[in-house]
Amino acid sequence: MQNHCVVLDCPSGISDFQALFRFPRDPDRSQKWVEQCQRDDLKDKPAEQLYRYYRLCGKHFEASAFDSDAPGSVLKADAIPSVFDGPGQPQSGQVKRSKETTKDSETERRGRKRMKKATAEPVTETVQTVAEEDEEKKYLKTLLEVLLLLGEQSIPPLALSDGKDDGLKSSNFQALLEYRLNCGDEVLKKRFDSSKQDFFSNELDPLIAVCEQYVRGKVIEGVKQNGFFSLLTDEPIKISGEWCLPVFLRYVDQSKTRQERFAGFLTFEGDGDDLAEKLLSEMTDRWALDLSQCRGQAHGCSGTHYRKIKAFASKLVEKYPKAILTFRSTNPLNLSLANSMGVSGVQLVLSTFKQIESFFSQSPLLQVEFEHAISIFYPDKEDKAEELKKICQTSWTRRNDGFEVVLEVIEALLLCVDSVHDNEDMRWNDQVTHSALEISKALTDFEFIMALIVLKNVMALIQAFGKNLQGTAADVHSAAANLTAVLQSLKEISDNIDVYHDFFYDEAVSLAAAMEIPVKVPRFFLRKCQGEQGTTQEDGHYKEHLTVPVVKHVIYEMNDLFSQHHSKALGCMCLIPDIIEGKKSAQPDEESIQVFSDDIPNAGSLSAELHCWWVKWSKKGKGETFPSSLHDTLQLADVKFFPNVLAALRLVSILPTLALEDSSDVAFKRYRMYIENMPDSVKSKSLALLNINYDIGFDLDSMVEIYQKTYPERPEVS
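In this text, all values refer to a predicted model and were calculated from it rather than measured experimentally. (Residues numbered from 1 in each chain as written. Predicted model: local features only at pLDDT ≥ 70, side-chain atom pairs only at ≥ 80, totals over all residues. Heavy atoms only, no water.)

**Student:** Just to check I follow, could you spell out the pairing of strand S8 (residues 258-267) for this structure?
**Tutor:** Note on strand geometry: in a regular strand, side chains alternate between the two faces of the sheet. In terms of burial, S8 is a largely internal element, nine of the ten residues being buried. As paired elements, strand S7 (residues 242-252) and S8 share nine bridges and run antiparallel to each other. Following the sheet pairing, Arg250 is matched in S8 by Glu260. Taking the residues between adjacent antiparallel strands as the criterion, S7 and S8 are bridged by five residues, where Lys256 takes a positive phi near 60 degrees. (Buried < 20%, exposed > 50% of the residue type's maximum accessible area, 1.4 Å probe, protein only. Helix = DSSP H or I, 4+ residues; strand = E, 2+ residues; numbered from the N terminus. Pairing = 2+ DSSP bridges.)

Right, dumping it as structure tokens:
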């Protein structure tokens, strides 16, 4: 609140002490006061906020606006300010000047005398209201400081107590504030009401909402300042019983560095076009995100949510055609394609992979047991055994060649888990032995064996391509050049599916025989087909329900994710100096850069500019090194003299297909840490946004202003 008049250039409260009056609580009268004062910056403020924090002095009211019967200086209930002297203030149609009849002048003089007598009381009130404002802001800043500390350290403000549904909660937020209170925080002492249980915790919901609004506003503002961006999502997760879709935004900032920020969660409840429309509406309306600037999108999802995500991606491209669908670099291509399949055998393989990873994370002694089993199965091939042991010390189920690695160690893996489950020397607890049993059951299921072999053989065709996509700029450029050959190889399998399926089936039967696994159709399918005539042949079943769907899905997804537009965009990697020098005589492919013709400054001069760019980098001096990455190329001092090249480099830099530098690839890592480490009972969409973006820079004054504008009805300091 203010201790001076809101009218611009009015000296009241500064050099000329006058009685100050609160703005009325009534919204209509409050707006009339604002209009008369000609303060456009106050028009959007709610009446309650104006009442609490803004004042108008008595010199702007006619004498007739005062209640002559009331003691002191009191305005009538319908008083409207109308006396303004400064330039630009309301003039004669709205304001009556002080040149009135003698009787009116005398009345005004009496009113002025009455005001002067009452000056002391309003000034005292003004001093009090200034103190109230300062205390209010200090109090809110204290609460926000504690909440930000908890958010940064990934500590839940509230935690369920003992899992009992008795309404009692342990509050880290309350505890930290009580600690400050006990250390002598005067502002907290004035606000604290010991008669109310969890007094400070009751403030949490609006504070968390303000933090979410502030953080997302900063993220969106950063995107807006830098133009084009890409939109990325990850697997939907459940928070507080509701499916939520995590959203990330990738852009190039003012320092020409690639950035990726977590923008928050979208409610992922519903189906089909309605859900897609709702998601787009929430981003544009509530987040104020300009999707016309979106130049790429990528989504990571499992078969469970595949159709919903596809509907959303299609709707986004339909409304914003330049938001091309791409692959996301955070996962290997083979796993991304497998995760999006709704094939039961494939999902069995992937769920077993997760069980294996979780199993070996329980104890390092399990890894020792596994390595011992590998040595048993490779007694005469020590080099091969050592190579496999080294691979299995990493996240081997997530590798580009993960399906192939599992097949190489599957017999040793089965020996390991069976040994753990037998637990003859009583080394393992019940949880470990139970996990071992579950993995053993999966490994000895013929559906698992068959699906693993189909995935291994089909994904082998895209293995090198996928690995290159996650490699250097030269590797990505090579992958883009080889895309047509990869698609042709997949088409070859599809055109000769009978022949290839026979190869896959024979390989699965041979491995099953070696592991003493019976060849049979999955039990759920047999139950489903009970009562139908004829018998189900294993060969035909796995062809129809596994091999054909897998091949079709991979071909469809590869064509969808690596469209002609996307392929040409990846071809813009030819602008990187080290690639230009490596290709010697070949100039950068103008056709690839033309994919951004609507977004570069001057498409007409592109040919000449590309030629100059090629001349500059086509020959390397002795001992000279050229930039070999997008980041290094963007940092070149003279790239600004090539505006079309710079624009194309910035656009290709935001493609989700390309892996980020370690310094920029932090948002997704923080997100995974939050989701994996935070208990489900205390996960929060708002606090996740705060935790993942804790380095965004917080201005407590701005956050307090947002709070006061959003919650104007908040009770005043008592």
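**Student:** Would you mind showing me how to read the side chain of Ser340 here?
**Tutor:** Along the chain, Ser340 falls in the loop between helix H10 (333-339) and helix H11 (344-360). Judged by its relative accessible area of 5%, Ser340 falls in the buried class. Polar side-chain contacts of Ser340 include one of 2.9 Å to the backbone oxygen of Leu337. Excluding residues that lie within four positions of it along the chain, Ser340 makes contacts with Cys301, Ser302, Gly303, Tyr306, His553 and Glu557. (Polar contact = N/O pair within 3.5 Å; in protein donor to acceptor, adjacent residues only side chain to side chain. Contact = heavy atoms within 4.5 Å.)

**Student:** Where do I start with the packing of aromatic side chains in this structure?
**Tutor:** Each aromatic ring pair is specified by the distance between its two centres and by the angle formed by the two planes. Evaluated as defined, the whole model comprises 27 aromatic pairs. For the ring pair Phe61 and Phe66, a centre distance of 6.4 Å and an interplane angle of 70 degrees mean the geometry is edge-to-face. Among the aromatic residues, those joined into a ring-pair cluster are Phe21, Phe23, Trp33, Phe61 and Phe66. Lying over the aromatic face of Phe248, Arg328 brings its terminal NZ or CZ to 5.0 Å of the ring centre. (Phe/Tyr/Trp six-rings, centres within 6.5 Å; stacked < 30°, edge-to-face > 60°. Lys NZ or Arg CZ within 6 Å of the ring centre and 35° of its normal.)

**Student:** How should I be thinking about the pairing of S7 in this particular structure?
**Tutor:** Across the eleven residues of S7, nine count as buried, placing the element largely inside the fold. Pairing of strand S5 (residues 229-233) with S7 involves four bridges; the strand directions are antiparallel. Considered in S7, the bridge of Ser230 is made with Arg250. In the sheet, strand S6 (residues 237-239) pairs with S7 via three bridges, with the strands oriented antiparallel. Each residue of the ladder has a partner; that of Ile239, found in S7, is Glu242. Where S6 folds back on S7, the antiparallel hairpin that results is connected by two residues, among which Ser240 adopts a positive phi of roughly 55 degrees.

**Student:** Explain empty space enclosed by the protein here, please?
**Tutor:** Rolled over the atoms, a probe with the dimensions of a water molecule shows which regions are left empty. Evaluation of the coordinates by the stated rule reveals four cavities of 30 Å³ or more. Approximately 60 Å³ is the volume found for the largest cavity. Those elements that provide at least two residues to the lining of the largest cavity are helix H4 (120-152) and helix H28 (685-692). Partitioning the lining of the largest cavity into residue classes produces eight nonpolar, three polar and no charged. Estimates place the volume of the second largest cavity at around 40 Å³. Those elements giving two or more residues to the lining of the second largest cavity turn out to be helix H14 (402-422) and helix H16 (446-469). Take the lining of the second largest cavity: its biggest share by element is five residues, from H16. Residue classes in the lining of the second largest cavity are distributed as four nonpolar, three polar and three charged. (1 Å grid on protein atoms, 1.4 Å probe; cavity = no way out; pocket = protein on both sides within 12 Å on 5 of 7 lines; lining within 4 Å. Points joined across faces, edges and corners; volume = space filled by probe spheres on them. Nonpolar A, V, L, I, M, F, W, Y, C, P; charged D, E, K, R; others polar.)

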